[in-house]
Amino acid sequence: MTTPRFASAATAPRRPGVLWLVALAILTVVLGAGSGFIAPPGDWYASLAKPSWNPPSWVFGPVWTTLYVMMATAFWLVWRDRTASVGDRRRAMLAYGVQFALNLLWSPAFFALHNPGLALVVIVALWLAIAYTIRAMWRVRPLAGALLLPYLAWVSFATVLNATLWWLNR
């Protein structure tokens, strides 16, 4: 007869709970919004030629807040999963970190530097990183990967918009 790895629930490692999810979601939203505060749209963006299908400014806040909460939830699900291999979990969390860093770089590239071309390079790299992150997270927990699909869809739209803005204003 084998002895259980942990003699009691008191000695078993604890999984991060819902409070961690809430804290992670808030941190993700704050960091994401912070990149927008560091590089606010301002007069420069207002002066750009825009396509007729450019969303109104009020759309971006609710969309990004929702996406950041979904991103944080996906990360939390991978972080607390103990059924996948440590390597798969680490790969998914590292991929998440890379895509999140690229996400945070886009606003300064576009708004602070007034450089839609550079921002286009960043957003294409971001799109590729999100696609990889979805795949890596899906291996650990399919729901985590699925939670990032709307993010990929929005960044796909944003990539086309970024390219159009670059083209119209070159």
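Just so you know, the residues in each chain are numbered from 1, in the order the chain's sequence is written. Local features in a predicted model are, by the rule used here, given only for residues with pLDDT of at least 70; side-chain atom pairs are given and counted only at 80 or more, and totals for whole chains, interfaces and linings are based on all residues. As a convention, hydrogens and water are excluded, and side-chain values are obtained from all of the structure's heavy atoms.

*Asks:* Looking at this structure, how should I read helix H4 (residues 86–112)?
*Replies:* For an α-helix the count is 3.6 residues per turn, leaving residues at separations of three or four pointing the same way. Along its 27 residues, H4 runs 39 Å from first to last C-alpha, staying within 8% of the 39 Å computed at 1.5 Å per residue. Secondary structure elements follow DSSP: runs of H or I no shorter than four residues count as helices, runs of E no shorter than two count as strands, and numbering proceeds from the N terminus. Among the residues trailing H4, His114 stands out with phi positive, at a value near 55 degrees. In a helix, the anticipated span is given by 1.5 Å times the number of residues less one.

*Asks:* Any chance you could explain a nonpolar patch on the surface here in plain terms?
*Replies:* Residues form patches when they are more than 30% accessible in relative terms and have no salt bridge. Like charges link within 9 Å. Nonpolar side chains (Val, Leu, Ile, Met, Phe, Trp, Tyr) link within 5 Å. Residue-level accessible areas treat just the shown protein chains as cover; the underlying method is Shrake-Rupley with a 1.4 Å probe. We define a salt bridge as a contact between a side-chain nitrogen of Lys or Arg and a carboxyl oxygen of Asp or Glu at a distance within 4 Å. Residues Leu113, Leu118 and Val121 make up a contiguous nonpolar surface patch of about 280 Å² in total accessible area. With respect to the secondary-structure elements, Leu118 resides in helix H5 (residues 116–140). Relative accessibility under 20% of the residue-type maximum defines a buried residue, over 50% an exposed one, and the middle range a partly exposed one, all with a 1.4 Å probe and only protein chains included. Classification of Leu118 by relative accessible area gives partly exposed; the value is 36%.

*Asks:* What is the right way to look at the packing of helix H3 (residues 57–80) against helix H7 (residues 149–168) in this model?
*Replies:* Helix-helix packing is characterised by the crossing angle of the two axes and by the distance between the axes. Helix axes are fitted to C-alpha atoms over the stretch in contact, other axes to C-alpha atoms as well, and angles between N-to-C directions run from 0 to 180 degrees. The geometry of H3 relative to H7 is characterised by a closest axis approach of 10 Å and an angle of 140 degrees between their N-to-C directions. Between H3 and H7, the angle is such that the two are oblique. The element H3 and its partner H7 pack so that their crossing is left-handed. Here Val59, Phe60, Val63, Trp64, Leu67, Met70 and Met71 of H3 come into contact with H7, specifically with Pro150, Tyr151, Trp154, Val155 and Leu161. Gly falls in the polar group here, along with every residue not listed as nonpolar (Ala, Val, Leu, Ile, Met, Phe, Trp, Tyr, Cys, Pro) or charged (Asp, Glu, Lys, Arg). Among the residues forming the contact of H3 with H7, the class breakdown is 12 nonpolar, no polar and no charged. What sets the label is the angle itself: under 35 degrees gives roughly parallel, over 145 gives roughly antiparallel, 65 to 115 gives roughly perpendicular, and the rest give oblique. Crossing handedness follows the turn of the near helix against the far one: under a right angle anticlockwise gives a left-handed crossing, and clockwise gives a right-handed one. Every residue pair with non-hydrogen atoms within 4.5 Å of one another is taken to be in contact.

*Asks:* Would you mind showing me how to read the packing of aromatic side chains here?
*Replies:* Any pair of aromatic rings gets described here by the distance separating the centres and the angle formed by the planes. To pair, rings of Phe, Tyr and Trp, with the six-membered ring standing in for Trp, must have centres within 6.5 Å; the planes then decide the type, stacked if under 30 degrees apart, edge-to-face if over 60, and tilted in the middle. Scanning the entire structure with this criterion turns up 16 aromatic pairs. Definition used: whenever NZ (Lys) or CZ (Arg) falls within 6 Å of the ring centre and also within 35 degrees of the ring normal, the charge is taken to sit over that ring. In this arrangement the basic side chain of Lys50 is found over the ring face of Tyr45, its NZ or CZ atom lying 4.5 Å from the centre. Positioned over the ring face of Trp167 is Arg170, at 3.4 Å from the centre of the ring.

*Asks:* Help me understand the confidence of the model for the protein chain in this model?
*Replies:* The predicted coordinates should not be examined in detail at positions where pLDDT is low. The quantity known as pLDDT measures the predictor's confidence residue by residue, on a range of 0 to 100. When pLDDT is averaged along the protein chain, the result is 86; 79% of the residues meet or exceed 70. Across residues 4–9 the pLDDT falls below 50, and counting only partners more than four positions away or on other chains, this stretch makes 3 contacts in the model.

*Asks:* What should I look at first to understand H7 in this one?
*Replies:* Between its terminal C-alpha atoms H7 stretches 29 Å, which fits the 28 Å expected from 20 residues at 1.5 Å a residue. Each element contacted by the buried residues of H7 is listed here: helix H2 (42–47), H3, H4 and H5.

*Asks:* I tried to follow the environment of Leu165 on my own but got confused; where do I start?
*Replies:* Note that Leu165 resides in helix H7. Each C-alpha atom of the pair Leu165 and Tyr45 lies 9.8 Å from the other, and the pair is 120 residues apart in sequence. Not counting chain neighbours up to four residues away, the residues in contact with Leu165 comprise Tyr45, Ala49, Lys50, Pro51 and Phe110.

*Asks:* Would you take a moment to explain the nonpolar core for this structure?
*Replies:* If you look at soluble globular proteins, the nonpolar side chains tend to sit buried side by side. Judged by nonpolar contacts, the single largest core of 43 residues is most densely connected at Phe110, Met137 and Tyr151. Among the elements of the structure, H2, H3, H4, H5, helix H6 (142–147) and H7 are those that each provide at least two residues to this core. Phe110 has contacts with Trp44, Tyr45, Leu48, Asn115, Pro116, Ala119, Asn162 and Leu165, leaving out every residue within four places of it along the chain. Among the buried residues, those of types Ala, Val, Leu, Ile, Met, Phe, Trp, Tyr and Cys that are joined through side-chain atoms within 4.5 Å form a nonpolar core.

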